[in-house]
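Fold and contact review
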Amino acid sequence: MEQYQLIRSRRKTLALEITEDCRVVVRAPRTLSRAQIDACVESHAAWIESHLKIQRERAHTRPPAPTEDEIAALKAQAWSILPPKIALWSEKMGVTPTGLRITTARHRYGSCSGKNSLCFSCFLMNCPDAAIELVVVHELCHILEKNHGPGFYALLGRYLPDYKERRSLLR
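Rules of the game
Residues numbered from 1 in each chain as written. Predicted model: local features only at pLDDT ≥ 70, side-chain atom pairs only at ≥ 80, totals over all residues. Heavy atoms only, no water. Helix = DSSP H or I, 4+ residues; strand = E, 2+ residues; numbered from the N terminus. Rg over C-alpha atoms; globule rule 2.2 N^0.38 Å. Contact = heavy atoms within 4.5 Å. Areas by Shrake-Rupley, 256 points an atom, 1.4 Å probe, with all protein chains shown as cover. Lys, Arg positive; Asp, Glu negative; His and termini not counted. Charge placed at Lys NZ, Arg CZ, Asp CG, Glu CD.

1. With respect to the overall build of the protein chain
Tallying secondary structure elements over the protein chain gives six helices and six strands in all. In the protein chain, the order of α-helices and β-strands from amino to carboxyl end is β-β-β-α-α-α-β-β-β-α-α-α. A compact globule built from 171 residues would reach a C-alpha radius of gyration of about 16 Å, whereas the protein chain, at 20 Å, exceeds it by more than 25%. Over its C-alpha atoms, taken along the principal directions, the protein chain stretches across nearly 55 × 35 × 30 Å. In the protein chain, the share of contacts with a sequence separation of at least 24, taken over all contacts with a separation of at least 6, comes to 47%. Working note: accessible area of the protein chain is about 10,600 Å², and carbon and sulfur atoms make up 53% of it. For the protein chain, the distance from the average position of its 25 positive side-chain charges to the average position of its 18 negative side-chain charges is 7 Å.

Okay, structure coming up:
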């Protein structure tokens, strides 16, 4: 059986994760016994091995981590590009965000808090302008629709009818 890192929390289900650095992480409810966790990991051994192989192959093709100077340049670019786009689309949509932050998040290009504060990753600046605009409008839509239900996508489609095509630019 593959070695794994166990993280227990108040969650209700068990989850398996293969990290970018090829570690196996198991997230489990506090009440689940170690024997049940081991049995689940064992029953998913083939899945774990195949995904570890994929991650090891990706590790060879992954570009090196950006330097502090590169991150600073991306943040500066984000601060020059995003506020005007946010202002333009906020006016078109009739919404007002309460704040703006630029982070170094790697797995999420943008978010909108419950208090309507927007947060964007500086790595969004590596995407084409149409993709940047999609993320800005997407997060502004969350001011009006807090979830990803049908109403959210109807709203997003009203402002960006080509949002499905733009989404492919983010990958």
